[in-house]
Amino acid sequence: MGIVALQVSRAERQRGYIPYTRRPINWHTDGYYNGPDERIRAMVLHCVRPAEDGGVNQLLDPEIAYIRLRDRDPAHIKALMHPEAMTIPENREPDGTLRPVSIGPVFSIDPDGSLVMRYTARTRSISWRDTPETTAAVRALTEILNGDDPMMLTVRMKAGQGVLCNNVLHNRTGFDPDASAESRRLLFRVRFHNRVKGS
Ligand SMILES: [Fe+2]
């Protein structure tokens, strides 16, 4: 897969995509809108140049989120493993291509026993399965992500630093708020369909 440069962009193709703006990004795993055959299981973020101000990431291992949810109520896990738990509707991309609807679970288990998580905290262009159990599970997960779990990491990557992970939950604060000044923040991102070997 290719290396993507994440930086503030005015390019037509990228206009409208939050990663290419200075705005905060809510909790998600990468590729949550992909189909089941295109799950993102690992990714790399490499910081070439940090923001002057902000651009902080929080990270949480999906296995911790799973454990916290199960400890609250095993029914949350059952609801989020339902094959129709989360639907991302089809979307016309700025470049004109149509991304098909993506329906699937939040948590799934790979044949090798590893946990895969597909999640976004976005509230627009998403529909959750309309059951009380799903609503309760999503609310519990939101509370966990907005809490201060001791296993949650907060990192402000310096130049040359990076994250290599099995597509953990992550977010980003906004950065370089002065829109009249250029932001030099530059991160490279690579996504993989397979997990980090041996992890
Ligand atoms: Fe991401």
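The coordinates are above.
Presented here is an overview of the structure given in this document. (Residues numbered from 1 in each chain as written. Predicted model: local features only at pLDDT ≥ 70, side-chain atom pairs only at ≥ 80, totals over all residues.)

**Description of the overall build of the protein chain**
Moving on, step 1. Helices and strands together make up the secondary structure of the protein chain, namely three helices and 15 strands.
Moving on, step 2. For the protein chain, whose C-alpha radius of gyration is 17 Å, the value lies close to the compact-globule estimate of 16 Å for 199 residues.
Moving on, step 3. Counting only C-alpha atoms and orienting by the principal axes, one finds that the protein chain spans roughly 50 × 40 × 30 Å.
Moving on, step 4. Relative to its full complement of 199 residues, the protein chain shows a buried share of 25%.
Moving on, step 5. Across the protein chain, contacts joining residues at least 24 apart in sequence account for 78% of those joining residues at least 6 apart. (Helix = DSSP H or I, 4+ residues; strand = E, 2+ residues; numbered from the N terminus. Rg over C-alpha atoms; globule rule 2.2 N^0.38 Å. Buried ≥ 20, exposed ≤ 12 C-beta atoms within 10 Å, placed from the backbone. Contact = placed C-beta atoms within 7 Å.)

**Description of the packing of helix 1 (residues 62-72) against helix 3 (residues 132-146)**
Moving on, step 1. Contact pair helix 1 / helix 3: the axes reach a minimum separation of 10 Å and the direction vectors enclose 125 degrees. In terms of orientation, helix 1 and helix 3 fall into the oblique class. Note on packing geometry: the crossing formed by helix 1 with helix 3 is right-handed. Residues Ala65, Arg68, Leu69 and Arg72 of helix 1 form the contact with helix 3, whose participating residues are Ala137, Ala140, Leu141 and Ile144. (Axes fitted to C-alpha atoms, helices over the stretch in contact; angles between N-to-C directions. Parallel < 35°, antiparallel > 145°, perpendicular 65-115°, else oblique. Left-handed = near helix turned anticlockwise from the far one by under 90°.)

**Remarks on the nonpolar core**
Proteins that are soluble and globular tend to have nonpolar side chains buried together.
Moving on, step 1. The biggest cluster of nonpolar side chains holds 29 residues, and the ones touching the most others in it are Val106, Leu141 and Leu169.
Moving on, step 2. The set of elements that each furnish at least two residues to this core consists of strand 3 (42-49), helix 1, helix 2 (74-80), strand 5 (86-88), strand 10 (115-117) and helix 3.
Moving on, step 3. Element by element, the count of residues in this core is highest for helix 3, at five residues.
Moving on, step 4. Apart from the residues lying within four places of it in its own chain, the contact partners of valine 106 are Leu80, Ala85, Met86, Met117, Arg118 and Tyr119. (Core = buried A, V, L, I, M, F, W, Y, C linked by C-beta atoms within 7 Å.)

**Things to note about the sheet that holds strand 15 (residues 186-192)**
Moving on, step 1. The four strands lie next to each other as 1-15-3-13, forming an open sheet whose pairing is antiparallel. Single-partner strands in this sheet number two, and they are strand 1 (4-6) and strand 13 (162-165). Mean inter-strand twist for the sheet, computed between neighbouring axes without regard to direction, equals 20 degrees.
Moving on, step 2. Sheet topology places strand 1 next to strand 15; three bridges connect them, and they run antiparallel. Bridge assignment links alanine 5 to a residue of strand 15, and that residue is phenylalanine 188. (Pairing = 2+ DSSP bridges.)

**Focus on the sheet that holds strand 14 (residues 169-172)**
Moving on, step 1. Strand order in this open sheet of four strands is 2-14-4-12, and the pairing throughout is antiparallel. Edge positions in the open sheet fall to strand 2 (25-28) and strand 12 (153-155), since each of these has one partner strand only. Taking each pair of neighbouring strands and ignoring which way they run, the sheet shows an average axis angle of 15 degrees.
Moving on, step 2. Here strand 4 (residues 57-60) pairs with strand 12 via three bridges, running antiparallel. Each residue of the ladder has a partner; that of glutamine 58, found in strand 12, is threonine 154.

**Quick look at unusual backbone geometry**
Moving on, step 1. The backbone of serine 125 shows a phi angle near 55 degrees, a positive value even though the residue is not glycine.
Moving on, step 2. Within the fold, serine 125 resides in the loop between strand 10 and strand 11 (127-128).
Moving on, step 3. If you check the backbone angles, aspartate 176 has positive phi at about 40 degrees while not being a glycine.
Moving on, step 4. You can see aspartate 176 is positioned in the loop between strand 14 and strand 15.

**Quick word on the pairing of strand 15**
Moving on, step 1. Sheet topology note: the strand 3/strand 15 ladder contains seven bridges and is antiparallel. Note on strand 15: the bridge partner recorded for leucine 45 is arginine 189.

**A short note on the environment of isoleucine 3**
Moving on, step 1. Here isoleucine 3 is to be found in the segment before strand 1.
Moving on, step 2. Residues isoleucine 3 and proline 24, 21 residues apart in the sequence, show an inter-C-alpha distance of 22 Å.
Moving on, step 3. What isoleucine 3 contacts, discounting residues up to four positions off in sequence, is Phe188 and Val190.

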